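The lines below spell out each chain.
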Amino acid sequence: MRQCAKVRKTAETEISVNLNIDGNGAKKINTGIKFFDHMLEQLAHHAGFDLEINVVSHDKDNHHVVEDVAITLGSALAEALGDKKGITRYGEKILPMDEALILSVVDLSGRIFSKVDVTVRDERTSDFETVLLPHFFASFAQSALMTIHIKMLDGFDTHHIIEAVFKSFARALKTAVSYDANNMDKIPSTKGVL
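Residues numbered from 1 in each chain as written. Predicted model: local features only at pLDDT ≥ 70, side-chain atom pairs only at ≥ 80, totals over all residues. Heavy atoms only, no water.

## Concerning the pattern of salt bridges
Step number 1: For the coordinates displayed, the defined rule picks out 7 salt bridges.
Step number 2: Notably, a salt bridge pairs R89 with D107, separated by 2.6 Å at the nearest N-O pair. Pair noted here: R89 is in the loop between helix 2 (62-81) and strand 5 (90-97) and D107 is in strand 6 (residues 100-107), with a separation of 18 residues, a long-range link. The exposure classification of R89 matches that of D107, with both residues buried.
Step number 3: Close ionic contact of D117 with K151 constitutes a salt bridge, the shortest N to O distance being 2.8 Å. Taken together, the residues D117 in strand 7 (residues 113-117) and K151 in strand 10 (residues 147-154) connect sequence positions 34 residues apart.
Step number 4: Because the salt bridges share partners, they merge into one network encompassing R89, D107 and R111. (Salt bridge = Lys/Arg side-chain N within 4 Å of Asp/Glu carboxyl O. Helix = DSSP H or I, 4+ residues; strand = E, 2+ residues; numbered from the N terminus. Buried < 20%, exposed > 50% of the residue type's maximum accessible area, 1.4 Å probe, protein only.)

This is the structure we're talking about:
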């Protein structure tokens, strides 16, 4: 089983993450940000990961919560993947949610890049500051050592757009971490390392 438990403690937050890549979507998430919890539940469900996240926020700053969850979850993913032997490596998904349409493409390359080309009109949806959306994925890419491209193809409802982003990303990630049955003993790179 590809799994990892991580704890990150700073002066701002204490984060614990338990991740099982080969799970069935079981989740228990408490970040203190209701909408963010909902998005992480979507990530676990649509990626098929078992995921537990618990957050203690010392400074009550949502920016630090979102950033530190992304860092901890990303590093747990990188550790759980190990040498990445046998994985598909790439994943992509175009996903609709009502009027919203989102494209996500990922590469578990070991190279860090994140671009979130999404336009939202509202500064908040529920208790989530929308400016934190690209920051989450940038922090996740950095700690997971991966490339992330997310592009909004259509949409106007902020909640639908952001939820479609997380669902699309999760489905792309599910493909990328899946095993390639024809290459189980190989690293998916001509370099021989990811």
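## Quick look at the sheet that holds strand 2 (residues 13-20)
Step number 1: As summarised here, the arrangement of the 4 strands in space is 1-2-4-3, forming an open sheet in which the pairing is mixed. The open sheet has two free edges, formed respectively by strand 1 (3-9) and strand 3 (27-30), since each of these has just one partner strand. Strand-to-strand twist in this sheet, taken as the mean axis angle between neighbours without regard to direction, amounts to 5°.
Step number 2: Judged from the 7 bridges that link them, strand 1 and strand 2 form a sheet pairing that is antiparallel. Bridge pairing links A5 to N18 in strand 2.
Step number 3: Contacts from helix 1 (residues 34-47) reach strand 3 and strand 4 (50-57) within the one sheet, and its direction differs from that of strand 3 by about 155°. (Pairing = 2+ DSSP bridges. Axes fitted to C-alpha atoms, helices over the stretch in contact; angles between N-to-C directions. Contact = heavy atoms within 4.5 Å.)

## So, the sheet that holds strand 6
Step number 1: The sheet built from 4 strands is open, its strands ordered 5-6-10-7 with mixed pairing. At either end of the open sheet lies a strand with only one pairing partner, and these are strand 5 and strand 7. The sheet shows a mean angle of 10° between the axes of neighbouring strands, taken without regard to direction.
Step number 2: Note that strand 6 and strand 10 share 7 bridges and pair antiparallel. Bridge pairing in strand 10 places L103 opposite K151.
Step number 3: Where helix 3 (residues 132-144) meets the sheet, its contacts fall on strand 7 and strand 10, and the angle it forms with strand 7 comes to roughly 160°.

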